[in-house]
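Chains, contacts and geometry: an overview
Each chain, letter by letter, is given below.
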Amino acid sequence: MANHAPAPAAVNCVPREREALLAFKRGITGDPAGRLASWKEDDHDCCRWRGVRCSDNLIGHVLELHLQSNLTGVVYVDYSPLEFNAVALVGRITSSLLSLEHLEHLDLSNNNLTGPDGRFPVFVASLRNLQYLDLSGLGFTGMVPYQLGNLSKLEFLDLSGTGMQSADISWLTRLQWLKYLYLSSVNLSAISDWAHVVNKIPSLTVLSLSGCSLTRVDHSLKHVNLTRLEKLHLSGNDFSHPLSSCWFWILKTLIYLDLESTGLYGRFPNAITNMTSLQVLDFSRNNNAGILEPILLRNLCNLESLNLQLGLLSGNMTELLESLSHCSPNKLRKLYLSNNKYYGNSTSSEYGPIYQLSQYWFLFQPAHRARAS
């Protein structure tokens, strides 16, 4: 008689956690896409419900909730954009989530959900096993709660586009595993020492602070601990001080630097020549206030996109192109130079033509093309 290994037992979710999910569903007043349709009272295995991920052992603790809304659109009313989301959940984030004690991943982004009284649901800060928290695009009011500092295992935090504000972000220093921090459009105008705070989180690889009403990026840091930082987004802040005074120029690990519409002016510092990992540099829409010596770009051989439109006070096109084409192989694919006061030959380069498309100067080079000898 052949021996047959016993079939693995089915994973069933914990009844208490199942009830917590059903209570969360009862707080949802609108589900136009039916994303919670599989969350049924008569189905006892919540691990099979849409958006729910459980542990693989016999006791299926809920580890992840993927309830983000991705399908968005824009309709124009009297020429003013009105954003809407055709599949967004509508309702309230209830405290029943506290029963999901093993929850590691929570994504409710881009839904029409609020906490009590329209504010941030502070009880989320009691989910101590969370490693991933994305509440971006939710219309909260009031302050970012300092209690989020209790989420000591957090690696990803996105509160961008929530409309909140903060006068103290020191709680971030307690998140020593944090790699991705997105706070774009959170009002941080009352915070002057933000760089000193984030400098105490050496694990950061992405820092997004676009449109945060920041006024300074000229902090004096005795030692920069952000040795893993790869992407820095600072667009839409009005710094209005010299480029050379910015502390981030010594970050040799940066691959993405976004300085669009920051009000920075003056000369780019010589330190940019050491940022050899840089792939994207955006200094557009800065009212032609920057001065960039082309020779400073000669070492940036990983540069793929350079956006300087409406950014530079003046410049020599020929010298700029010669510096950008110095590397072999050359990785540059996009070069935007419109609305700058350039002089010199600007119709062709050693690597191919420059096309003026939709008011953008765009340098296109075939992939893997070797530098001419």
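Computed from a prediction, not measured in an experiment: that's the story for all the values here. (Residues numbered from 1 in each chain as written. Predicted model: local features only at pLDDT ≥ 70, side-chain atom pairs only at ≥ 80, totals over all residues. Heavy atoms only, no water.)

Here we take up the overall build of the protein. The helix and strand tally for the protein stands at three helices and 26 strands. Burial statistics for the protein: of 373 residues in total, 49% are counted as buried. Residue pairs in contact within the protein that sit at least 24 positions apart in sequence constitute 64% of those at least 6 positions apart. On the protein, roughly 18,300 Å² of surface is accessible, and the fraction owed to carbon and sulfur atoms is 50%. (Helix = DSSP H or I, 4+ residues; strand = E, 2+ residues; numbered from the N terminus. Buried < 20%, exposed > 50% of the residue type's maximum accessible area, 1.4 Å probe, protein only. Contact = heavy atoms within 4.5 Å. Areas by Shrake-Rupley, 256 points an atom, 1.4 Å probe, with all protein chains shown as cover.)

Mapped onto the elements, Ser261 comes out in the loop between strand E16 (256-258) and strand E17 (266-267). What makes Ser261 partly exposed here is its relative accessible area of 31%. Residues Ser261 and Phe239 lie 22 residues apart in sequence; the distance between their C-alpha atoms is 9.3 Å.

As a further point, take the confidence of the model for the protein. Close inspection of predicted coordinates is inappropriate in any region flagged by low pLDDT. Taken over all residues, the pLDDT of the protein has a mean of 87, while the share at 70 or more is 84%. Within the model, the stretch residues 346-373 combines pLDDT values under 50 with 59 contacts to residues more than four positions away or in other chains. (pLDDT = per-residue confidence, 0-100.)

Time to look at the pattern of salt bridges. Throughout the structure, instances matching the rule amount to eight salt bridges. Between Glu101 and Arg16 there is a salt bridge, with the nearest N and O atoms lying 3.5 Å from each other. In this pair, Glu101 sits in the loop between strand E8 (90-92) and strand E9 (105-107) while Arg16 sits in helix H1 (residues 15-26), placing the two residues 85 residues apart along the sequence. Between Asp45 and Arg48 there is a salt bridge, and its shortest N-O distance comes to 3.8 Å. One salt-bridge network, in which partners are shared between bridges, spans Asp43, Asp45 and Arg48. (Salt bridge = Lys/Arg side-chain N within 4 Å of Asp/Glu carboxyl O.)

This brings us to the pairing of strand E5 (residues 62-66). When a strand is regular, its side chains alternate between the sheet's two faces. Pairing of strand E3 (residues 52-54) with E5, which is carried by three bridges, proceeds in the antiparallel orientation. Pairing of Arg53 across the sheet is with Glu64, part of E5. The pairing of E5 with E9 spans three bridges and is classified as parallel. Note that in E9 the partner of Leu65 across the bridge is Leu106. (Pairing = 2+ DSSP bridges.)

Look at H1: 17 Å from first C-alpha to last across 12 residues, which is about the 16 Å you get at 1.5 Å a residue. Along its buried surface, H1 packs onto strand E1 (12-13), strand E2 (28-30), E3, strand E4 (59-60) and E5. (Expected span 1.5 Å × (residues − 1).)

Inspection of every chain in the model, using the stated rule, returns 11 aromatic pairs. A ring pair is formed by Phe268 and Phe283, whose centres lie 5.0 Å apart and whose planes are at 75 degrees; its orientation type is edge-to-face. Of this pair, Phe268 sits in the loop between E17 and strand E18 (280-282) while Phe283 sits in the loop between E18 and strand E19 (290-291), and the two are 15 residues apart along the sequence. Judged by its relative accessible area of 4%, Phe268 falls in the buried class. Residue class for Phe283 comes out buried when judged on its relative accessible area of 0%. An aromatic cluster is built from Trp194, Trp247, Phe248, Trp249, Phe268 and Phe283, whose rings are joined through pairwise contacts. (Phe/Tyr/Trp six-rings, centres within 6.5 Å; stacked < 30°, edge-to-face > 60°.)

Another aspect to go through is the UniProt feature "domain: Leucine-rich repeat-containing N-terminal plant-type" (unreviewed entry) in the protein. Mapped onto this numbering, the UniProt entry gives "domain: Leucine-rich repeat-containing N-terminal plant-type" (unreviewed entry) at residues 16-55. Helix and strand shares over residues 16-55 are 28% and 15% respectively, and the end C-alpha atoms of the span are 15 Å apart. (UniProt positions renumbered as here; feature names shortened; annotations may be inferred.)

Before going further, it helps to examine unusual backbone geometry. Excluding glycine, residues mostly carry a negative phi; peptide bonds, for their part, are mostly trans. Cis geometry marks the peptide bond from Ser328 to Pro329, where omega comes out at 0 degrees. Secondary-structure assignment places Pro329 in the loop between helix H3 (317-324) and strand E22 (334-336). A positive phi is found at Asn287, a non-glycine position, where the angle reads about 55 degrees. Relative to the helices and strands, Asn287 is located in the loop between E18 and E19. One non-glycine residue with positive phi stands out, namely Leu310, at about 55 degrees. Structurally, Leu310 is set in the loop between strand E20 (305-307) and strand E21 (315-316).

Here we have three strands laid out as an open sheet, ordered E2-E8-E10, and mixed in their pairing. At either end of the open sheet lies a strand with only one pairing partner, and these are E2 and strand E10 (112-114). Between one strand axis and the next, the sheet turns through 15 degrees on average, direction left out of account. Bridging between E2 and E8 involves two bridges; their strand directions are antiparallel. Directly across from Gly30, in E8, lies its bridge partner Val90. (Axes fitted to C-alpha atoms, helices over the stretch in contact; angles between N-to-C directions.)

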